[in-house]
Structures are given as structure tokens and as C-alpha cells.
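Summary of the model geometry
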Amino acid sequence: MDERPDWARRMVEERAARDWSQTDAVRALMARLPEDQVVSEQDLVRQWKRWEAGDAQPVKYRSAIAQTFGTTTGAFFPERSRRDGRAEILQVSGMDTVDIIARLRASDVDVATLDALRITADRLCCEYAYMPADQLLLEGKAWLARVVGLQHQRVSLAQHREIIALAGKLSLLVGCVEYDSGRPRDAEATRQAALMLGQEAGELSVQGWAHEMRAWFALTRGDYRGVIAAAEAGIAVAPNESVAAQLYAQKAKAWARLGDRSQTEVALDKGRQILELQPYPEDIENHFVVDPAKYDFYRMDALRKSGENRLAEQLATEVIRAGTDFDGTERSPMRIAEARVTLGVVAAREGDLDTALAYGERALAGERKSLPSLAMVAADLGQALQTHYGHASEAQEFVAHLRELRGGQ
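Naming follows an unreviewed UniProt entry, where the protein appears as XRE family transcriptional regulator of Streptomyces halstedii.

**Re the packing of helix α8 (residues 111–126) against helix α10 (residues 157–180)**
Contact geometry of α8 with α10 gives a least axis separation of 10 Å together with a crossing angle of 15 degrees. By the angle between their directions, the pair α8 and α10 is classed as roughly parallel. Two packed elements cross with a definite hand, and for α8 against α10 that hand is left-handed. Judged by residue contacts, L114, L117, R118, A121, D122, L124 and C125 of α8 engage Q159, E162, I163, L166, K169, L170 and L173 from α10. Within the contact of α8 with α10, the residues separate by chemical class into nine nonpolar, one polar and four charged.

**What about the packing of aromatic side chains?**
All chains considered together, the criterion is met by 13 aromatic pairs. Relative to F77, the ring of W7 lies with its centre 6.0 Å away and its plane at 45 degrees, an arrangement referred to as tilted. Of this pair, W7 sits in helix α1 (residues 6–17) while F77 sits in the loop between α5 (73–76) and α6 (85–93), placing them 70 residues apart in sequence. For the pair W7 and F77, one class covers both residues: buried. Site record: aromatic cluster; members linked through ring pairs are W7, W20, W48, W51, Y61, F69, F76 and F77. A cation sits over an aromatic face here: R18 above W20, 5.7 Å from the ring centre. Here the basic side chain of R146 rests over the ring of W143, its NZ or CZ set 4.5 Å away from the ring centre.

**Re helix α16 (residues 294–305)**
With 12 residues, α16 should cover 16 Å at 1.5 Å per step; its first-to-last C-alpha distance of 17 Å lies within 8% of that length. Within α16, 11 of the 12 residues are buried, leaving the element largely enclosed by the surrounding structure. G307 sits one or two positions beyond α16 and adopts a positive phi of about 80 degrees.

**Some remarks on the nonpolar core**
With 71 residues, the main nonpolar core has Y128, L172, L173 and Y295 as its most contacted residues. Residue contributions to this core peak at 12 residues, all from α10. In contact with L173, not counting residues within four places along its chain, are L124, C125, Y128, L136 and F288. Counting residues in hydrophobic clusters, the runner-up holds 31 residues, among them I228, A230, A378 and V399.

**Points about helix α17 (residues 309–322)**
For α17, spanning 14 residues, the distance from its first C-alpha to its last is 20 Å, which sits close to the expected 20 Å at 1.5 Å a residue. Those residues of α17 hidden inside the fold are in contact with α1, α16 and α18 (333–349).

**Describing unusual backbone geometry**
Residues other than glycine seldom take positive phi values, yet D19 does so here, at roughly 60 degrees. Here D19 shows up in the loop between α1 and α2 (22–30).

**What to know about the side chain of K294**
Here K294 shows up in helix α16. Of the side chains with opposite charge, D291 comes closest to the buried, unpaired K294, at an N-O distance of 5.7 Å. Here the side chain of K294 touches Q246 through a polar contact of 3.1 Å, side chain to side chain.

**Remarks on the pattern of salt bridges**
If you walk through the whole model with that rule in mind, you get 33 salt bridges. Notably, a salt bridge pairs R331 with E285, separated by 3.8 Å at the nearest N-O pair. Pair noted here: R331 is in the loop between α17 and α18 and E285 is in the loop between α15 (261–277) and α16, with a separation of 46 residues, a long-range link. The exposure class of R331 is buried, given its relative accessible area of 14%. Residue classification places E285 among the partly exposed residues on the basis of a relative accessible area of 21%. What emerges from the salt-bridge pattern is a single network uniting D6, R9, E13, E318 and R321.

Conventions adopted
Residues numbered from 1 in each chain as written. Predicted model: local features only at pLDDT ≥ 70, side-chain atom pairs only at ≥ 80, totals over all residues. Heavy atoms only, no water. Axes fitted to C-alpha atoms, helices over the stretch in contact; angles between N-to-C directions. Helix = DSSP H or I, 4+ residues; strand = E, 2+ residues; numbered from the N terminus. Parallel < 35°, antiparallel > 145°, perpendicular 65-115°, else oblique. Left-handed = near helix turned anticlockwise from the far one by under 90°. Contact = heavy atoms within 4.5 Å. Nonpolar A, V, L, I, M, F, W, Y, C, P; charged D, E, K, R; others polar. Phe/Tyr/Trp six-rings, centres within 6.5 Å; stacked < 30°, edge-to-face > 60°. Buried < 20%, exposed > 50% of the residue type's maximum accessible area, 1.4 Å probe, protein only. Lys NZ or Arg CZ within 6 Å of the ring centre and 35° of its normal. Expected span 1.5 Å × (residues − 1). Core = buried A, V, L, I, M, F, W, Y, C linked by side-chain atoms within 4.5 Å. Lys, Arg positive; Asp, Glu negative; His and termini not counted. Salt bridge = Lys/Arg side-chain N within 4 Å of Asp/Glu carboxyl O. Polar contact = N/O pair within 3.5 Å; in protein donor to acceptor, adjacent residues only side chain to side chain.

The structure is reproduced here in C-alpha cells:
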């Protein structure tokens with residue numbers, strides 16, 4: 001059993017995916033070190049060997065190591081930060097869901113009630129990854145209606161602004177679930193409502209995420225120039241918010257599909273730089289928080305599209321590992337599904353039909369999925385199967401299944 005820290009194991013895997021020796025890796029690292037950290041190559045190679053063995057921690061070199069491998073410090077050296085949203089509601093406000101609803105019906109809006117509503121909204125955003133879509137949509141709409149109803153009560157100007165911002169955040173969540181469920185018209189209307197609420201409240205993050213949703217919708221429709229336009233609009237509104245990193249990632253995905261490797265790399269690096277400047281998130285499971293590990297997920301997609309099989313495979317393995325608890329529970333089933341598709345694409349390109357089909361079938365079997373996104377990514381697997389195994393009946397059956405998936409959106 002490999003008892004090394006995850007970051008030590010990853011150093012080996014990232015290096016191997018690039019066919020680098022330890023000396024090659026050290027030279028790449030030295031090119032990214034500030035002047036006050038420069039040491040001799042020989043000394044750094046000795047340290048690198050100790051890091052890969054897990055015998056020492058590269059404390060002052062963490063950021064440069066992550067940059068060497070094109071990712072964020074928080075993804076390579078993650079912090080554990082998980083909260084129980086329901087417990088926090090009680091801890092902060094002393095209220096559970098029943099108490100909150102009772103106070104709202106009694107028109108009793110105070111600081112504690114608004115705190116409880118905010119934490120409830122955050123909890124729902126954290127449950128996006130795994131709660132069944134129909135259940136989350138029902139609960140999200142119910143809380144949105146309750147929050148919107150507060151606008152007609154007597155509240156202070158500051159409370160009014162917070163209510164509008166909360167309504168904007170819940171609208172974003174509802175719109176995402178609507179789109180996942182194959183209801184694009186409803187999703188677009190909800191997205192526009194979220195944008196207007198964000199503008200009214202002056203909430204840059206809500207506005208940025210509304211533009212990010214527009215970019216996502218365009219990406220799954222194949223409108224890559226539309227993705228770039230939407231991303232640039234969002235970046236202009238919220239250039240310093242964490243959502244800007246995801247907007248750059250959407251640009252990278254679009255450029256990768258347009259075949260422009262240089263623009264893809266530029267967009268990915270700009271997003272990485274933004275994430276490096278952000279504090280580590282308090283709750284990495286919130287759908288509207290760009291956790292550092294998510295950038296590996298973005299890069300995986302771009303590298304798969306660019307044909308970088310070994311790097312895409314290594315990142316797909318990392319995405320699955322990062323999204324799975326020690327007991328095997330999948331915390332990020334939608335990311336993991338796309339990672340499995342990536343592994344299937346690599347297997348198909350390398351001549352292993354059985355493995356490609358096994359990964360593809362497992363990816364499509366998950367209960368919690370975003371139909372448009374999964375169909376878009378799975379189309380890459382379908383294309384690889386048609387290219388390499390066009391006459392194999394098993395491949396033809398899987399491609400037919402994919403057509404049904406896309407037709408059912």
C-alpha cells in the first residue's frame with residue numbers, strides 16, 4: 001500500500017505523464033522560482049527525490065511546483081474544509097428549517113433569520129453535486145419563493161439588498177438544475193432573472209455566475225464564439241471574483257474545440273493565476289465557489305480535446321481521486337463521470353475497445369448527471385469509437401446510445 005502523501009504521489013505521476021526525469025522536473029521548477037529561492041540544481045534534485053518519497057514537505061516550493069505542472073497550489077496541496085450546512089444553521093442562528101419558515105410567515109425578519117436563509121442557500125448550493133435533480137429543483141424553487149416574498153415586508157435598505165442577493169443566488173442554482181434536466185428555455189429565463197437580481201443588488205459574483213451560465217449553455221450547444229463572448233462579458237463585470245477563473249476555463253474549453261492550442265493555454269493560465277490569488281474556500285462543495293481542484297477538471301477537458309492523451313489521463317485519474325471519499329463515496333459524481341469519459345477516450349485512441357466501453361457505460365450510468373454537459377463530453381468518446389472501431393457492433397451500440405442521450409435533452 002502506498003502510504004505517501006497524495007502530493008508526493010502526484011509529483012511522480014505528473015512527471016511521468018510528461019516523460020520527465022527528476023532532473024527535467026527540477027529544471028522546469030527552477031525556471032519558475034523567484035530569485036530569492038534559487039538553489040543549485042544538484043541540491044534541488046536531492047530535495048525532489050525526498051519530496052517524491054514523501055520524506056520531506058516542499059513548503060516554500062509548493063506554488064512553484066503547482067505552476068510547473070499547470071495547476072493551482074490548492075489543487076496540488078489541498079486543504080480539507082468540509083462543513084455540515086444543517087448543523088451550521090443551528091450553530092449560527094439557533095434555528096432549523098421549521099423555525100425559519102415559521103419566522104418568515106410571522107414577518108419576523110431579523111439578522112438571525114437572514115443569516116439562516118443565507119446558510120440555507122449555501123447548503124442547497126453544496127447539495128447540487130449529488131442531490132437528485134428533481135428534488136433539488138423542488139427545494140430550490142420553494143426557498144426562492146420564500147425569499148422573494150420577503151421583498152414585500154418591512155425591511156431596512158441593507159436587508160432588502162441582502163434579500164435580492166439571496167434571490168439571485170437561488171435563481172442561479174435553480175437555473176443550473178433546470179439546464180441539467182433538459183429544460184434550456186426555463187434555464188435561460190431563470191439565468192436572466194438571476195442577472196437582473198445581481199445587478200439590482202450590486203452583487204458582482206451573482207452577475208459573473210449568470211454570465212458563466214450563458215457561456216456554459218453556449219458551450220453545450222456548440223456555439224464556441226458565443227462562449228468566448230459570454231466569458232469576456234463576465235470577466236469584465238467580475239474580474240477579481242473567483243468566478244472569473246471559471247469564465248477563463250470556459251474560454252479555454254471553447255478555444256480547445258476551435259483548435260487554437262495557444263489561446264487555450266493562455267486562458268487556462270489566466271484562470272490559474274486568479275485562483276492563486278484567492279483565499280482557500282471555506283466550503284469547497286458550494287457549486288458557486290471555484291475550488292482549486294476544479295481547475296484540474298477544466299484542464300482535463302482542454303487536454304482531452306487537444307489530444308494530449310497521457311496528461312488528460314493523469315488528470316482524469318486525479319479528478320476521480322479528489323472527488324471520492326476514503327470510503328468510496330463519490331462527492332463529485334458529475335465531475336467523475338466526465339473523468340471516466342476522458343479515460344474512455346484515451347483507451348479508445350490507444351486501441352483498447354473493452355476498456356473504452358467500460359468507462360463510457362459507467363459514466364452514463366450515474367444517477368446525478370448534467371445531461372447537456374455529459375452528452376457533449378461523451379460525444380468525444382463516440383467520435384473516437386467511430387474513428388477506431390467503426391465496424392465493431394459493440395461500438396455501434398454505444399454510439400447509438402449516445403445519440404439517444406443527446407436526443408433526449
